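Analysis of the macromolecular model
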Amino acid sequence: MKNLIVFRVDFKLFMYLAIAFIFTTALGTVLHEYGHFIAAEFLGISAKIHYGFTSFVIDENYRNLSKWDRFLITVGGPLQTIFTGILGLILLHISKRNSETQVLNFKSWIYVFMSLFWLRQSANFVMWMIGYLLKNRISTNSDEVKLAVYLKMPLWFFMSLSGVIGFAVTLLVIFKYIPINQRFTFIVSGFVGGILGYIIWLELLGQILMP
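Basis of the calculations
Residues numbered from 1 in each chain as written. Predicted model: local features only at pLDDT ≥ 70, side-chain atom pairs only at ≥ 80, totals over all residues. Heavy atoms only, no water. Axes fitted to C-alpha atoms, helices over the stretch in contact; angles between N-to-C directions. Helix = DSSP H or I, 4+ residues; strand = E, 2+ residues; numbered from the N terminus. Left-handed = near helix turned anticlockwise from the far one by under 90°. Contact = heavy atoms within 4.5 Å. Nonpolar A, V, L, I, M, F, W, Y, C, P; charged D, E, K, R; others polar. Buried < 20%, exposed > 50% of the residue type's maximum accessible area, 1.4 Å probe, protein only. Polar contact = N/O pair within 3.5 Å; in protein donor to acceptor, adjacent residues only side chain to side chain. Parallel < 35°, antiparallel > 145°, perpendicular 65-115°, else oblique. 1 Å grid on protein atoms, 1.4 Å probe; cavity = no way out; pocket = protein on both sides within 12 Å on 5 of 7 lines; lining within 4 Å. Points joined across faces, edges and corners; volume = space filled by probe spheres on them. Patch = residues over 30% accessible without salt bridge, like charges linked within 9 Å, V, L, I, M, F, W, Y side chains within 5 Å. Areas by Shrake-Rupley, 256 points an atom, 1.4 Å probe, with all protein chains shown as cover. Salt bridge = Lys/Arg side-chain N within 4 Å of Asp/Glu carboxyl O. Core = buried A, V, L, I, M, F, W, Y, C linked by side-chain atoms within 4.5 Å. Phe/Tyr/Trp six-rings, centres within 6.5 Å; stacked < 30°, edge-to-face > 60°. Lys NZ or Arg CZ within 6 Å of the ring centre and 35° of its normal.

This next bit is on the packing of helix α3 (residues 67–98) against helix α4 (residues 106–115). Running from N to C, α3 and α4 point in directions that differ by 145 degrees, and their axes come no closer than 7 Å. Crossing hand, α3 versus α4: left-handed. Along its contact with α3, which presents Thr-84, Gly-85, Leu-87, Gly-88, Leu-89, Leu-91, Leu-92 and Ser-95, the element α4 presents Ser-108, Tyr-111, Val-112, Met-114 and Ser-115. Residue composition of the contact of α3 with α4, by class: seven nonpolar, six polar and no charged.

Put into structure tokens, the structure is as follows:
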């Protein structure tokens with residue numbers, strides 16, 4: 001067990017990975033919204049992607065959407081995120097299997113960050129739980145809770161399920177695919193880069209670049 005993590009930070013790698021996490025946080029957010037956008041456009045609804053949400057033209061087509069149509073638009077975002085995460089995990093496994101070295105190349109690092117699109121589900125679950133503990137009420141703003149409402153399932157079902165799977169995928173990536181001497185640097189850069197990515201994109205630049 002003592003070899004699972006080497007507690008040493010490679011500063012150069014930390015900088016590269018932190019920047020990658022910042023970029024991936026912004027990219028993942030926008031691509032998630034593209035999932036909603038594509039579903040809406042497919043149903044004939046005019047939509048526009050913003051830095052952290054998708055808006056729709058409230059016209060006759062939108063007002064006449066069925067419950068199933070609204071479900072499809074809502075599920076489009078999570079499906080895009082989950083599909084990217086699954087694809088990244090598959091490509092990472094293939095890359096690892098075909099590699100003769102333990103060192104990750106640039107392509108493998110791309111697959112790592114694709115796999116970690118699952119982290120959005122885990123982060124949403126954690127924030128949802130914190131909100132519930134602090135306010136003593138269940139937020140219904142997230143896609144996963146809305147999906148549960150559409151399907152008349154417990155509000156926590158999809159949020160918890162996808163969050164737990166996200167945690168499992170993250171642990172799998174860290175302990176199966178990240179080299180031992182880089183794991184601690186990867187974890188630290190993930191915390192720092194993820195928080196900075198949220199602040200930089202959702203609180204600062206995103207509102208300017210994609211209002």
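You can see Ser-160 is positioned in helix α7 (residues 157–177). In this structure Ser-160 comes out as buried when scored by relative accessible area, which is 16%. Within polar-contact distance, the side chain of Ser-160 engages the backbone oxygen of Trp-156 at 2.8 Å.

Running from N to C, α3 and α7 cross one another at 15 degrees; their axes reach a closest spacing of 12 Å. By the angle between their axes, α3 is roughly parallel relative to α7. Judged by the sense of rotation from one axis to the other, the crossing of α3 with α7 is left-handed. Of the residues in α7, those touching α3 at Leu-89, Leu-92, His-93 and Lys-96 are Val-169, Leu-172, Val-173, Lys-176 and Tyr-177. Class assignment for the residues of the contact of α3 with α7 results in six nonpolar, one polar and two charged.

Attention now goes to the layout of surface pockets. Empty space within the second largest pocket amounts to approximately 300 Å³. Around the second largest pocket, the lining is made up of 14 residues, and of these Ala-20, Thr-24, Trp-109, Ile-110 and Phe-113 lie nearest the centre. Looking at the lining of the second largest pocket, the elements with two or more residues in it are α1 (11–42) and α4. Counting residues per element, the lining of the second largest pocket draws most heavily on α1, at seven residues. For the lining of the second largest pocket, the class distribution of residues is twelve nonpolar, two polar and no charged.

The next subject is a nonpolar patch on the surface. Taken together, the side chains of Ile-195, Tyr-198, Ile-199, Leu-204, Leu-205, Ile-208 and Leu-209 present a nonpolar region at the surface, about 710 Å² in accessible area. With respect to the helices and strands, Leu-209 occurs in helix α8 (residues 180–209). Overall, the relative accessible area of 57% leaves Leu-209 in the exposed class.

Before going further, it helps to spend a moment on the nonpolar core. Counting residues in each nonpolar core, the largest one holds 19 residues, and the members touching the most others are Trp-109, Val-112, Val-173, Ile-178 and Phe-186. Where this core is concerned, the elements lending two or more residues are α1, α3, α4 and α7. The leading source of residues in this core is α4, at five residues. Once you skip the residues sitting within four places of it in the chain, Ile-178 turns out to touch Leu-104, Trp-109, Val-112, Val-173, Arg-183 and Phe-186.

Take the packing of aromatic side chains next. Any pair of aromatic rings gets described here by the distance separating the centres and the angle formed by the planes. Going through the model one piece at a time under the given rule, you end up with 13 aromatic pairs. One aromatic cluster in this structure is built from Phe-21, Trp-109, Phe-113 and Phe-186. The lysine or arginine in question, Arg-70, covers the ring of Tyr-62, its NZ or CZ lying 5.0 Å from the ring centre.

The next subject is the side chain of Ser-95. Looking at the secondary structure, you find Ser-95 in helix α3. In this structure Ser-95 touches Ser-108 and Tyr-111, once residues within four positions along its chain are discounted.

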